[in-house]
Amino acid sequence: MASILRWGWRALSGNCPSFTSQRPFTLGVPALIRMHAIPKPKTVDRWTEKRAMFGMYDNVGILGGFTVHPRSLIRGPVWLRGFRGNELQRCLRKRRFVGERMFEDDLHNLNKRIRFLYKRFNRYGKMR
Amino acid sequence: MGFRPFNLAKFGAFSFPHPTPKVCRRTVKTDRRKKWMVCEQRNGRTLRGWRGTGTWDDDDRTGYPRLLQGFCEKENKCHGLTLLFLNRIDILHEVAIWQKNFKRISYAKVKSRAEVRGGGRKPWRQKGSGRARHGSIRSPIWRGGGVAHGPRGPTSYYYMLPMKVRVMGLKVALTVKFAQDYLHIVDSLEMPSPDPEYLLDLARYRHWGNSVLIVDVNEDMPENILAATKHSKTMTVMPVIGLNVHSMLKYETLVLTLDAVNFLEKKLLWHDTRFSPLYPFKLPYKDFP
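Residues numbered from 1 in each chain as written. Chains lettered and ligands numbered in written order. Predicted model: local features only at pLDDT ≥ 70, side-chain atom pairs only at ≥ 80, totals over all residues. Heavy atoms only, no water.

### A look at the overall build of chain B
What counts here: By definition, any uninterrupted DSSP run of H or I lasting at least four residues is a helix, any uninterrupted run of E lasting at least two residues is a strand, and each is numbered from the N terminus. Partly exposed residues are those whose accessible area sits between 20% and 50% of the maximum for their type, while under 20% is buried and over 50% is exposed, using a 1.4 Å probe and protein chains only. By the convention used here, residues are in contact when the closest approach between their heavy atoms is within 4.5 Å. Accessible surface is estimated by sampling points in the Shrake-Rupley manner with a 1.4 Å probe; for residues, cover comes only from the protein chains shown.
Counting its secondary structure elements, chain B contains seven helices and eight strands. For chain B, buried positions account for 44% of its 289 residues. Relative to all contacts within chain B whose residues are 6 or more apart in sequence, the contacts with residues 24 or more apart total 67%. Total accessible area on chain B stands at roughly 16300 Å², and carbon and sulfur atoms take up 54% of it.

So this is what it looks like as structure tokens:
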């Protein structure tokens, strides 16, 4: 019985022989991140189709007779092609372009956002 | 796989091995401020590309690409290939960053406290419950609440650099390619065979490097070269209209056809002496096509 107890205590405390060299108790908290090996670095293929052809036709205006502007190459939401603005400007533009065909919840949220941003930009703070 | 002898007849064969480059420096005095510009020419190197003779004299500039000559002869403007000292790497950087960013649209969006579902009612009364006062369960300090200052909606990072800056970027990129011996000029893109291995061998023989960007004037190029580059990642064929700084920096070697060089010369050098536009260039001008 005593030997079992002693075995248990020694197992928990890591078989430390004495009180002076090692601590006689165990702070048994498991590591939160469990790793059995160093993770492999992710391999990025620098020559995919997209990466190899990136930037093509960006100078189509200068080199191509100014019929096409590079902003027509931008793929994205209709209200953001060749446009840059702060949040209020973007919301207003979105409402103008696409507001009629939005879902009603989304349109309601957009209107709320516009109202809030208008008040924020035009009434509070130093910049008004 | 050993080196296969192949027929270079189409290219103006040169059957002897690549000659060792002899560097000869020529100083060119440009203006009274005594800026000595160094124009580096290398004898016997394949600046003439796949054309004929392999060696050419320093004095013989008939084969010298006229684009570069156009740059060399400009008196006061400091751009182009003569000016290895005044090369505008900052403009190159600006244009490269512009190319990366102007098309960017970030789609990150998080819901604000107004958009998160729920949270209309006051959770408990203002006074008397002993808990902190709150107005809604979706305020940003709550778990599950909206984000106060998060990314809002698709954001665009569009901007345009002035036209002349973009043109200058192209010029500087060509200069840089030339100065580092990565620019080659070719008669035409006709190939004897559509084999991709053939093109790889050719690139290795000519010491071109890992990646090659081949530029021709029109989009309709000989089928052989299209077939050879179709499945290759690092060798690409491109029309001149698609030429841009990012691609020139990404690919190690740049191979231009003579037509492409003439086209570029015309297009890029026009901006040095043009008037500023009264109305956008896309609308018709009398003297400009």
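### Brief notes about the nonpolar core
Residues and elements named next belong to chain B. Counted only if it meets this: Nonpolar cores were defined as sets of buried Ala, Val, Leu, Ile, Met, Phe, Trp, Tyr and Cys residues, with membership established by side-chain atoms within 4.5 Å.
Of all hydrophobic cores here, the largest spans 57 residues; its most connected members are L174, V215, L243, L254, L256 and L264. The dominant element in this core, judged by the number of residues it contributes, is helix α3 (residues 163–179), at ten residues. Not counting the four nearest positions on each side in its chain, L254 is found in contact with L174, K177, Y182, L183, H184, L213, V215, L243 and M248. Counting 16 residues, the second-largest nonpolar core is a separate cluster that includes M191, L199, W208 and A228.

### Description of the packing of helix α4 (residues 87–98) of chain A against helix α5 (residues 104–123) of chain A
Residues and elements named next belong to chain A. Rules: What counts as an axis is a line fitted to C-alpha atoms, over the stretch in contact for a helix, and the angles between N-to-C directions run from 0 to 180 degrees. Each helix crossing is assigned a hand: it is left-handed if the near helix lies turned anticlockwise from the far helix by less than a right angle, otherwise right-handed if that turn is clockwise. Three classes are used, and their members are as follows: Ala, Val, Leu, Ile, Met, Phe, Trp, Tyr, Cys and Pro are nonpolar, Asp, Glu, Lys and Arg are charged, and the others, Gly among them, are polar.
Two numbers describe how α4 lies on α5: the axes approach to 9 Å, and their chain directions differ by 145°. For the crossing formed where α4 meets α5, the hand is left-handed. Residues E87, L88, C91, L92, K94 and R95 of α4 touch α5, and the partners they reach there are L110, N111, R113, I114, L117, Y118 and F121. Along the lines of polarity and charge, the residues of the contact of α4 with α5 split into eight nonpolar, one polar and four charged.

### Considering a nonpolar patch on the surface
Filter applied, for reference: Surface patches are defined over residues having more than 30% relative accessible area and no salt bridge, joining like charges when they lie within 9 Å and nonpolar side chains (Val, Leu, Ile, Met, Phe, Trp, Tyr) when within 5 Å. For this analysis, a salt bridge means a side-chain nitrogen from Lys or Arg found within 4 Å of a carboxyl oxygen belonging to Asp or Glu.
A contiguous nonpolar surface patch, about 430 Å² in accessible area, is contributed by L32, I33 and M35 of chain A. Within the secondary structure, I33 of chain A is located in the loop between α1 (2–12) and α2 (49–52).

### Points about unusual backbone geometry
Despite not being glycine, Y57 of chain A has its phi angle at roughly 65°, a positive value. Taking the relative accessible area as the measure of exposure, Y57 of chain A reaches 25% and is therefore partly exposed. In this structure, H207 of chain B is a non-glycine residue whose phi angle is positive, near 55°. With respect to the helices and strands, H207 of chain B occurs in the loop between α4 (196–205) and β6 (212–216).

### Concerning the packing of aromatic side chains
Heads up, the rule is: Each pair of aromatic rings taken from Phe, Tyr and Trp, with Trp reduced to its six-membered ring, is defined by centres within 6.5 Å and is described as stacked if the planes are under 30 degrees apart, edge-to-face if over 60, and tilted in the remaining cases. Any Lys NZ or Arg CZ that is within 6 Å of a ring centre and within 35 degrees of that ring's normal is treated as a charge sitting over the ring.
For the coordinates displayed, the defined rule picks out nine aromatic pairs over all chains. Arranged with centres 4.4 Å apart and planes meeting at 10°, the rings of W98 of chain B and F102 of chain B form a pair that is stacked. With relative accessibility at 0%, the residue W98 of chain B sits in the buried group. Residues Y279 of chain B and Y285 of chain B carry aromatic rings whose centres are separated by 4.3 Å and whose planes lie at 20° to one another, so their mutual orientation is stacked. An aromatic cluster is present here, built from F66 of chain A together with W270, Y279, F281 and Y285 of chain B joined pairwise through their rings. Positioned over the ring face of F83 of chain A is R93 of chain A, at 4.3 Å from the centre of the ring. Lying over the aromatic face of W124 of chain B, R131 of chain B brings its terminal NZ or CZ to 4.0 Å of the ring centre.

### Examining the confidence of the model for chain A
The criterion, for reference: A residue's pLDDT is the confidence the predictor assigns to it, expressed on a 0 to 100 scale.
Residues with a pLDDT of 70 or more make up 89% of chain A, whose mean pLDDT is 87. Mean pLDDT values over the elements of chain A span from 68, in α1 of chain A, up to 97, in α4 of chain A.

### Some words on the interface of chain A and chain B
To keep things clear, this is the line we draw: By buried area we mean the combined loss of accessible area, with a 1.4 Å probe, across both parts when two parts are placed together. Here a polar contact is recorded for every N or O atom pair within 3.5 Å, except that within protein the pair must consist of a potential hydrogen donor and a potential acceptor, and residues adjacent in sequence are included only if both atoms are side-chain atoms.
Each side of the interface is counted separately: chain A has 35 residues, and chain B has 49 residues. Regarding the contact of chain A and chain B, the summed buried area is about 3700 Å², with carbon and sulfur atoms giving 61% of it. Contact with chain B buries surface across chain A, with W47, L63 and F66 of chain A losing the most and accounting together for 22% of the total. Between R152 of chain B and E87 of chain A there is a salt bridge, with its nearest N and O atoms 3.3 Å apart. Linking chain A with chain B are 16 residue pairs in polar contact (both at pLDDT 80 or more). Looking at the side of chain A that touches chain B, the elements that each hand over two or more residues are α2, α3 (60–63), α4 and α5 of chain A. Its residues placed into classes, the side of chain A that touches chain B shows 16 nonpolar, eight polar and eleven charged.

### Regarding a positive patch on the surface
Where we set the bar: Counted as positive: Lys and Arg. Counted as negative: Asp and Glu. His and the chain ends are not counted at all. Lys charges are placed at NZ, Arg charges at CZ, Asp charges at CG and Glu charges at CD.
Together, K42, R46, K50 and R51 of chain A make up a region of like positive charge exposed at the surface. For R51 of chain A, the location among the structural elements is in helix α2.

### Comments concerning the pattern of salt bridges
Using the criterion set out here, one finds eight salt bridges over all chains in the structure. In this structure, R152 of chain B and E115 of chain B form a salt bridge, with 2.7 Å as the shortest nitrogen-oxygen distance. Taken together, the residues span a long stretch of sequence, with R152 of chain B in the loop between β3 (105–106) and β4 (155–156) and E115 of chain B in the loop between β3 and β4 at a distance of 37 residues. For the pair formed by R152 of chain B and E115 of chain B, the shared burial category is buried. Through salt bridges with shared partners, a single network forms among E87 and R113 of chain A together with E115 and R152 of chain B.

### With respect to the side chain of E87 of chain A
Within the fold, E87 of chain A resides in helix α4. E87 of chain A gets classed as buried once you look at its relative accessible area, which sits at 13%. A polar contact of 3.3 Å, which involves the side chain of E87 of chain A, links it to the side chain of R152 of chain B. When near neighbours in sequence (up to four residues on either side) are disregarded, E87 of chain A contacts R113 and L117 of chain A together with R152 of chain B.

### A closer look at α3 of chain B
Three- or four-residue spacings in an α-helix give side chains the same orientation, since the helix completes a turn every 3.6 residues. Residues and elements named next belong to chain B. The condition is simple: To estimate the expected span of a helix, count its residues, drop one, and scale the result by 1.5 Å.
Across its 17 residues, α3 extends 24 Å between first and last C-alpha, which sits within 8% of the 24 Å expected from 1.5 Å per residue. Among the 17 residues in α3, 15 count as buried, and that is most of the element. Just past α3, the residue D181 takes up positive phi, approximately 65°.

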